[in-house]
Amino acid sequence: MHSVLITGGAGFIGQNLVHAWRTARPDDRLTVIDAMTYAANVRSLELLIADRSIHFVRGDIRDAELIRRLFDEHRFTRVAHLAAESHVDRSIVDPEAFLQTNVLGTFTLLHAALDAWRASGVIDRARFLHVSTDEVYGSLEPNYSAFSESSPYRPNSPYAASKAAGDHLVRSYVSTYGMPALITNCSNNYGPYQHPEKLIPLMIIHALKGKPLPIYGDGSNVRDWLHVSDHCEALISVIEQGRIGETYNIGGGNERNNREVVRLICDTIDRAFAADRALAARFPSCPAASGTSCRTLISHVTDRPGHDHRYAIDATKLKTEIGNQCSVGFETGLLQTVRWYLDREDWWRDVISGAYQVWIDKNYGFRIEI
Ligand code: NAD
Ligand code: TYD
């Protein structure tokens, strides 16, 4: 039995991880800390908070005093560190927030955990997992082999650079202080509860509202799509079975370019409308409501500066050492995800608040159609 701290537990992957952890390890006690930035949402956790199945703290990982107090009170022996600023486009517009949370926040948390574990004598059975990204490795040429754990770090966005800095700090704490830490670097996640600023939910919601589907540049950029349920399963396995000081790559084995992803979303929505007439009444602005393909909404807009061309993950180490393998195929996972956003209009309409609209205007306002 462990007392577990999940940072960023009100974010997309964090919420999914809380539910996955409770299923996989029901005897563990879970505490979530989250600063409740624009990216956070606790709706899926409300029942667990209300019946005290999890302990929820609204707080900032940069607050050393708070973190120390939480370690004293809860005697954590597991930390799954997911709290971060996570959106590349926002890091281009406002990089400072990324350095604050992803570098200074990671440092504060790491140091507080080390102090607490040394003082309480549990360092031999404690584990700290830093959840990082494949973006630290930079961009792959079309025919190059997928990223392995020994690929060089070549971050191209302020987001990727800040996550790389976090990884380096964690690594240095293992070597210097014997910190029982591990790192995972995963590819692009998708699935339920993802904030509508990210590619897949953004395209689904825009299509349902009949708004343009803004593909950056020519849409040939490739990502390796990982279903969030596969990711969470892998995180729980790595924190329990991984070797301290090691890095594990987690990928979906689903390389697709953005054009293919957006077309598949359109076709999936078209088919859903053809099969269920009630959808046309709920989403009358969607082209599929009048039998026209959502593909007609696709528009190509100015590219993202420093846009990495391709990410792909070689997850052999995860499979051979831990026995973990991703199982959700992209077409199946995408169908489930489209279904989830169709069913949970209440969820995304709440998230799309005034603040979200300000962001959309800021990010897409300057992009011209090409
Ligand atoms: P997210 O943006 O949905 O959630 C991040 C959460 O962290 C939010 O709830 C936010 O409120 C919280 N947070 C931000 N700053 C904080 C602070 N200073 N103190 C406490 N909480 C704070 O992100 P996500 O997609 O769930 O990603 C989780 C982790 O996984 C991140 O570390 C990210 O870098 C990594 N990752 C994500 C992906 C992906 O595709 N989503 C891919 C690779 C790696
Ligand atoms: P995103 O979801 O922001 O993840 P990341 O930048 O971390 O990979 O974007 C995924 C891909 O989709 C990326 O190549 C950028 C592209 N993209 C668009 O073409 N249009 C959009 O509106 C967004 C948000 C992303």
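Residues numbered from 1 in each chain as written. Chains lettered and ligands numbered in written order. Predicted model: local features only at pLDDT ≥ 70, side-chain atom pairs only at ≥ 80, totals over all residues. Heavy atoms only, no water.

(A) Highlighting the packing of helix α5 (residues 96–120) against helix α6 (residues 158–177). At a minimum axis separation of 8 Å, α5 and α6 run at an interaxial angle of 20°. One element, α5, and the other, α6, form an angle in the roughly parallel class. For α5 against α6, the interelement crossing comes out right-handed. Residues F98, L99, N102, V103, T106, F107, L110, H111, L114 and R118 of α5 touch α6, and the partners they reach there are Y159, S162, K163, A165, G166, L169, V170, Y173 and Y177. The residue inventory of the contact of α5 with α6, partitioned by class, reads twelve nonpolar, five polar and two charged. (Axes fitted to C-alpha atoms, helices over the stretch in contact; angles between N-to-C directions. Helix = DSSP H or I, 4+ residues; strand = E, 2+ residues; numbered from the N terminus. Parallel < 35°, antiparallel > 145°, perpendicular 65-115°, else oblique. Left-handed = near helix turned anticlockwise from the far one by under 90°. Contact = heavy atoms within 4.5 Å. Nonpolar A, V, L, I, M, F, W, Y, C, P; charged D, E, K, R; others polar.)

(B) View of the pattern of salt bridges. Enumeration according to the criterion identifies 20 salt bridges in this entry. In this structure, E197 engages R90 in a salt bridge whose closest nitrogen and oxygen atoms are separated by 2.7 Å. Taken together, the residues span a long stretch of sequence, with E197 in the loop between β7 (189–190) and α7 (199–209) and R90 in helix α4 (residues 88–93) at a distance of 107 residues. For E197, a relative accessible area of 4% corresponds to the buried category. Put simply, R256 and E331 hold a salt bridge, and the shortest N to O gap is 3.1 Å. A residue pair is termed long-range when its members are at least 10 positions apart, and R256 in strand β12 (residues 255–257) and E331 in helix α12 (residues 330–343) qualify at 75 residues. Residue classification places E331 among the partly exposed positions, given a relative accessible area of 44%. Residues joined by salt bridges that share partners form a network here, namely R25, D28, R78 and E240. (Salt bridge = Lys/Arg side-chain N within 4 Å of Asp/Glu carboxyl O. Buried < 20%, exposed > 50% of the residue type's maximum accessible area, 1.4 Å probe, protein only.)

(C) View of the environment of R339. The residue R339 is located in helix α12 in this model. Separated by 135 residues in sequence, R339 and I204 have C-alpha atoms that sit 10.0 Å apart. Setting aside anything within four residues of it in sequence, one finds R339 in contact with A272 and D276.

(D) Inspection of unusual backbone geometry at higher detail. A positive phi angle, close to 55°, is found at M36, a residue other than glycine. Looking at where M36 falls in the secondary structure, it is placed in the loop between β2 (29–34) and α2 (46–50). Its relative accessible area of 23% is what places M36 among the partly exposed residues. Within the chain, R52 stands out as a residue other than glycine whose phi angle is a positive 60°. In this fold, R52 is placed in the loop between α2 and β3 (54–58).

(E) Region of the structure containing the pairing of β2. In terms of burial, β2 is largely enclosed, as five of its six residues are buried. Looking at chain direction, strand β1 (residues 3–7) and β2 are connected through five bridges and run parallel. From the neighbouring strand, S3 faces β2, where its bridge partner is R29. Judged from the five bridges that link them, β2 and β3 form a sheet pairing that is parallel. (Pairing = 2+ DSSP bridges.)

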